[in-house]
Amino acid sequence: MRVPLSWLREYVDLPATETGRDVQAKLISVGLEVETVEQLGDGLKGPLVVGKVLTIEELEGFKKPIRFCTVDVGQANGTGEPQEIVCGARNFAVGDKVVVVLPGAVLPGGFAIAARKTYGKTSHGMICSSDELGMGDDGTKGIIVLPPEHEVGTDAIELLQLVDEVLDIAVTPDRGYALSIRGVARETATAYGLPLSDPALLDVPGPNAFGYPVQVSEPLGCDRFTARTVTGLDPEARSPLWLTRRLQKAGMRPISLAVDITNYVMLELGQPLHAYDRTRVQGPIGVRRATQGEKLTTLDGVTRTLDAEDLVITDDRGPIGLAGVMGGANTEIDDTEGTTTEVVVEAAHFDALSISRTARRHKLASEASKRFERGVDPQAASAAAQRTVDLLVLLAGGTADAGVTEVIAPSAPHTITIPADHPDKVAGVDYGRETVVRRLQEVGCDVYGQDELIVTVPSWRPDLTDPNDLAEEVIRLEGYENLPSTLPKPPAGRGLTDRQRLHRRVGRALAGAGYVEAPNYPFVGEHVFDQFGLAADDPNRKVVKLVNPLSDEEPALRTTLLPGLLGALRRNDGRGSHDLALFETGLVFHPREELKIAVRLPVDRRPTDEEIASLTEALPLQPRHAAVVLTGAREQAGWWGKGRPSDWADAVESARVLAREAGTELIVRGGQYGPWHPGRCAELAVVVEGVEQVIGYAGELHPGVLKTLGLPARTSAMELDLDVLESASSGVPKGPKISTFPVATQDVALVVDVSVPHAGVEAALREGAGELLESIRLFDVYENAAQLGEGKKSLAYALRFRAADRTLTVDEASAARDAAVSLAAERVGAVLRG
């Protein structure tokens, strides 16, 4: 919301010395997010005056049309003689009033004006456009043509209000009232302790039977509808400068008088309005839900297919507007032909949720929908209609009809009961009853009672629904900066949980292994499961869907980390980074079998264990996963030798890195799942309380998946469940004891069937070697049918033996090696090679 300071001063009598920066600081102190203060006309220096075009000479022989003009600027040039100016614009004629900047002036941006020779003529100044003066979009792409009533030589800086300060406020969803000058003025008045001149306090005639007929058949969607009629409008009337300038400063483009007035009142009071050409409306105006498949062409020229949940404005022909979002083209005020002389003004209050869903469904966000979905003051509708009627009568010479239509659904004011000391308990500050009552009254509440306060919430604050909202109002007006800064005092022995420690160790270990952390948003579209080739009954297809997703294309919470990581890898590869190794640790989400409603926890005390457990049961299951993706070179080539591309083995090794950090024995065997290549996929498992559990997969991704997702060939990935990995752990891994005795190394090469996995051979060797075995490493895999036989392979291992209390003899090391080979022969049919 852009708020010109000059406009704000009309409703709050701010001290003349207060600048936009001062007001910004005050508004920030009461909780509004004022992002910037724009200095309009910064550096602007006159003379900048109104001029009248006397003559125009078309200059020939140039690539573009050029005109040599003489302009009467009165005594502004010191001589009274016509000013000679060269100009390329063509949207003005002899006799038009224009804005002229004379030599010696400086335009915004430090552009100094001086007499200069151009196109064979000397130009003494410049005829200005709105862009050159920093005025914003005025709907034209040429010179500013002023109304004829302005006197030649008048100071245009003051006339066009070129010097001002504009506060740019980021309005949060719960502060819908701040999307109006009225709302911001109320906050400003409160911050300064000054009275507010409320622009909504108007004398409004009561409803009668002579107003335009309105039928509301959906009172839950529209609880208030006000209609007023103005006739006898001058179709040639145009918006005055003060009106167009205020719209431009607020970031809106002037269109036509009737539309500009409705936009102006919307900015002023926060109530969206719509004006219909009365001659184009057939029969009573109605409000109802759309019929599925109905068509409506909106003001933007798009024909839209309506949904049964859409709220529409109708006449006898059908829909003439999308309620609270955008009007229809068939009742548009046609400013191009200048034929509109009768207008029906609509000021209604629509259900916020309905408008929000309609705007999102049709991808049609508008200034009106932005306000309705955040909450509009229903009591301001009649005042906004009256203000619009008054301006139409004043500026377009119209006559207000005596008829007033108001359709109102019965409703009671919202009241909240709150202990007088509740804000004290929430903030930890002793405010006292008088302060609480005073601050709530400044917000606009009616307050009664002593120890127990009964608070009636003002109509413009639909966000105030419970005692904690009222406590927040007291705290923010008293100043967040005045809250004491106190550090919590946790009991001794508290710190990171084992789960948190493992999470940090895993991140450090993967970073140390050369992976770069790439956190992603936890949102996915369900189409990704088809791209991954998951079975129809795969548990990962059961997702938790968001009621209000950020994107309709990703309405669900992720059940796997891979979509986000692979998306990051694809973006980086597309931008020229081809050697990538990324990782992420984060939560995935699975729905519970039984859906429960979450309870609202208290804020004035610590929740009980039962309350926390109840809240947890209402949340989806949220296990923590770890995943990696990698492509391109794993080791770079250089003077030291050849590089090495990443492959499936690197993905498997990343899982082993995590298992070592968890102090868990990882079982790795061949597997097949989803997006992985069936011949290059490892299934990862651990033993938890004697039961083996699969916790993830690693390996090279399927070529079909890579093609579908637009990923580089040979991309590999790994994902596993960190929580299950932790549950299989025996605790935080302990550092090994360093022995002072030498190590004995024995190498063995075993011939086994090709189908025998390395993990099975290693497990047998490890168990057979006994407690003297310090480490085992596979260093060679060899397959040669001529030497080993058909269907055979050779696995070569380096066995390291060491005793903690003595130096091993050759016989002891050899005996341990032989025992290991013997058990491998018994378990997997291994034969000692050679």
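Read on for a plain summary of the structure.

Parameters at a glance
Residues numbered from 1 in each chain as written. Predicted model: local features only at pLDDT ≥ 70, side-chain atom pairs only at ≥ 80, totals over all residues. Heavy atoms only, no water. Helix = DSSP H or I, 4+ residues; strand = E, 2+ residues; numbered from the N terminus. Rg over C-alpha atoms; globule rule 2.2 N^0.38 Å. Buried < 20%, exposed > 50% of the residue type's maximum accessible area, 1.4 Å probe, protein only. Lys, Arg positive; Asp, Glu negative; His and termini not counted. Charge placed at Lys NZ, Arg CZ, Asp CG, Glu CD. Salt bridge = Lys/Arg side-chain N within 4 Å of Asp/Glu carboxyl O. Pairing = 2+ DSSP bridges. Contact = heavy atoms within 4.5 Å. Phe/Tyr/Trp six-rings, centres within 6.5 Å; stacked < 30°, edge-to-face > 60°. Lys NZ or Arg CZ within 6 Å of the ring centre and 35° of its normal. Expected span 1.5 Å × (residues − 1).

Here we come to the overall build of the protein chain. Within the protein chain one finds 22 helices and 42 strands. Taken against the 2.2 N^0.38 rule, which gives 28 Å for 834 residues, the C-alpha radius of gyration of the protein chain at 38 Å runs more than 25% over that of a compact globule. Expressed as lengths along the three principal axes of its C-alpha atoms, the size of the protein chain is roughly 115 × 80 × 55 Å. The burial tally for the protein chain puts 47% of its 834 residues in the buried class. Averaging the locations of the 87 positively and 119 negatively charged side chains of the protein chain gives two centres separated by 5 Å.

So, on to the pattern of salt bridges. Where charged atoms from two side chains of opposite charge come close, those side chains can pair. Summed over the entire model, instances satisfying the criterion amount to 56 salt bridges. Between Arg278 and Asp401 there is a salt bridge, with the nearest N and O atoms lying 3.5 Å from each other. One end of the pair, Arg278, is in the loop between β16 (274–277) and β17 (285–289); the other, Asp401, is in strand β24 (residues 399–408), and 123 residues separate them in sequence. Measuring nitrogen to oxygen at the nearest pair gives 3.5 Å for the salt bridge that ties Lys370 to Glu367. Here Glu367 and Lys370 lie together in helix α8 (residues 367–372), a separation of three residues that amounts to about one turn. A residue is classified by how much of its surface remains accessible, and Glu367, at 32% relative accessible area, is partly exposed.

Judged by how many residues are buried, strand β38 (residues 716–721) sits mostly within the fold: six of six residues are covered. Along β38, one buried face is formed by Ser716, Met718 and Leu720 and the opposite face, lined by Ala717, Glu719 and Asp721, is buried too. Relative to β38, strand β32 (residues 624–631) is paired through six bridges, and the arrangement is antiparallel. Its bridge partner being in β38, Ala627 is matched across the sheet by Glu719. Pairing between strand β37 (residues 691–701) and β38: five bridges, direction antiparallel. If you follow Glu700 over to β38, its bridge partner there is Ser716.

Moving on: the side chain of Thr118. Counting through the fold element by element, Thr118 comes out in strand β9 (residues 116–118). Using a relative accessible area of 15% as the deciding quantity, one classes Thr118 as buried. Not counting residues within four places of it along the chain, the set of residues in contact with Thr118 comprises Val86 and Ser123.

As a further point, take the packing of aromatic side chains. Going through the model one piece at a time under the given rule, you end up with nine aromatic pairs. Centre to centre, the rings of Tyr673 and Trp676 are 6.4 Å apart; their planes meet at 35 degrees, and the pair counts as tilted. Feature note: the residues Trp7, Trp242 and Tyr264 constitute an aromatic cluster, connected by ring pairs. Taking NZ or CZ as reference, Arg186 lies 3.9 Å from the ring centre of Trp460, over its face. Directly above the aromatic system of Tyr515 lies the positively charged group of Arg634, at a separation of 4.7 Å from the ring centroid.

Taking 1.5 Å as the rise per residue, helix α22 (residues 810–828) with 19 residues should run 27 Å; its terminal C-alpha atoms sit 27 Å apart, in good agreement. Buried residues of α22: Ala813, Ser814, Ala816, Ala820, Val821, Leu823 and Ala824, and no others. The inward-facing, buried residues of α22 abut β39 (744–753), α20 (758–769), β41 (792–801) and β42 (831–832). At the C-terminal side of α22, Gly829 shows a positive phi close to 75 degrees.

The subject of this paragraph is helix α5 (residues 241–249). Counting buried residues along α5, eight of its nine residues qualify, which places the element largely inside the surrounding structure. For α5, the complete set of buried residues consists of Leu241, Leu243, Thr244, Arg245, Arg246, Leu247, Gln248 and Lys249. Taken from the residues just after α5, Gly251 is the one with a positive phi, measuring 90 degrees.

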